[in-house]
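Commentary on secondary and tertiary structure
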Amino acid sequence: MDPLKVRVLPDSVLRKKASKVSEVGEPEKAILADMATTMYLSKGVGLAAVQVGIDKQLCVIDVGNGLIKMANPYIVKMSGTQVEEEGCLSVPGVTAKVKRARSVTVVFLNEDGELVRLEAEGLLARAVQHEVDHLGGILILDRINPVKKLLLRRKLKRERKPKIP
Ligand SMILES: [Zn+2]
């Protein structure tokens, strides 16, 4: 299980919609294992394959209650709202209040290729929505207030400029 390189903005791979996997085979299992290693090393609670430059609808989540590996996750039900501070490994140094559904029902294929229906709420529901967003090319920047987004964009631009001693 090898850690993978986490892509950060402005890497355009983060804006691509990931392709569905036709099955969860050995290559997918290996990717999911490497993604889990990468997530734990990066101290994240979730990681989507696009974040490591892989065009597949795969993600891993662990909000402290155990590792969940998902293929082709699809949210079938959302209810309530929650607004919490959220960060992203691909948008380093930025946290923002993001409005999300309080609870979601997500359907996905597990590592054994079985169809799983998971009801999640709170932080887990937030993580599921965040990772499903990634697989659709959506980042937290797209989920926040437009004024705050402008300010963050400026901040990101400034930080990308080479530092002159
Ligand atoms: Zn993220």
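Provided above is the structure to which this section pertains.
Quick look at the overall build of the protein chain
Along its length, the protein chain carries three helices and seven strands. Listing every helix and strand of the protein chain by position from the N terminus yields α-β-β-β-β-β-β-β-α-α. By the compact-globule yardstick of 15 Å for 165 residues, the protein chain fits well, its C-alpha radius of gyration being 16 Å. Seen along its three principal axes, the alpha-carbon backbone of the protein chain occupies a region of about 55 × 35 × 25 Å. Residues classed as buried in the protein chain amount to 47% of the 165 residues present. Put simply, 64% of the contacts in the protein chain that link residues at least 6 apart link residues at least 24 apart.

Considering the side chain of Asp 62
Within the secondary structure layout, Asp 62 lies in the loop between strand E2 (58-61) and strand E3 (68-79). Here Asp 62 is buried and forms no salt bridge, its nearest opposite-charge partner Lys 69 lying at an N-O distance of 11 Å. Within the local environment of Asp 62, its side chain forms a polar contact with the backbone nitrogen of Asn 65, the two atoms lying 3.4 Å apart.

Describing the pattern of salt bridges
If you walk through the whole model with that rule in mind, you get 12 salt bridges. We note a salt bridge from Glu 85 to Lys 97, for which the minimum N-O separation is 3.8 Å. Of this pair, Glu 85 sits in strand E4 (residues 82-87) while Lys 97 is found in strand E5 (residues 95-100), placing the two residues 12 residues apart along the sequence. Among the residues examined, Glu 85 registers a relative accessible area of 44% and is labelled partly exposed.

As for the environment of Lys 29
Tracing the backbone through its elements, the reader meets Lys 29 in helix H1 (residues 26-41). Sequence separation of Lys 29 and Gly 113 is 84 residues, and the distance between their C-alpha atoms is 10 Å. Sequence-distant contacts of Lys 29, that is, excluding residues within four places in its chain, are made with Val 24 and Glu 111.

How each quantity is defined
Residues numbered from 1 in each chain as written. Predicted model: local features only at pLDDT ≥ 70, side-chain atom pairs only at ≥ 80, totals over all residues. Heavy atoms only, no water. Helix = DSSP H or I, 4+ residues; strand = E, 2+ residues; numbered from the N terminus. Rg over C-alpha atoms; globule rule 2.2 N^0.38 Å. Buried < 20%, exposed > 50% of the residue type's maximum accessible area, 1.4 Å probe, protein only. Contact = heavy atoms within 4.5 Å. Lys, Arg positive; Asp, Glu negative; His and termini not counted. Salt bridge = Lys/Arg side-chain N within 4 Å of Asp/Glu carboxyl O. Polar contact = N/O pair within 3.5 Å; in protein donor to acceptor, adjacent residues only side chain to side chain.

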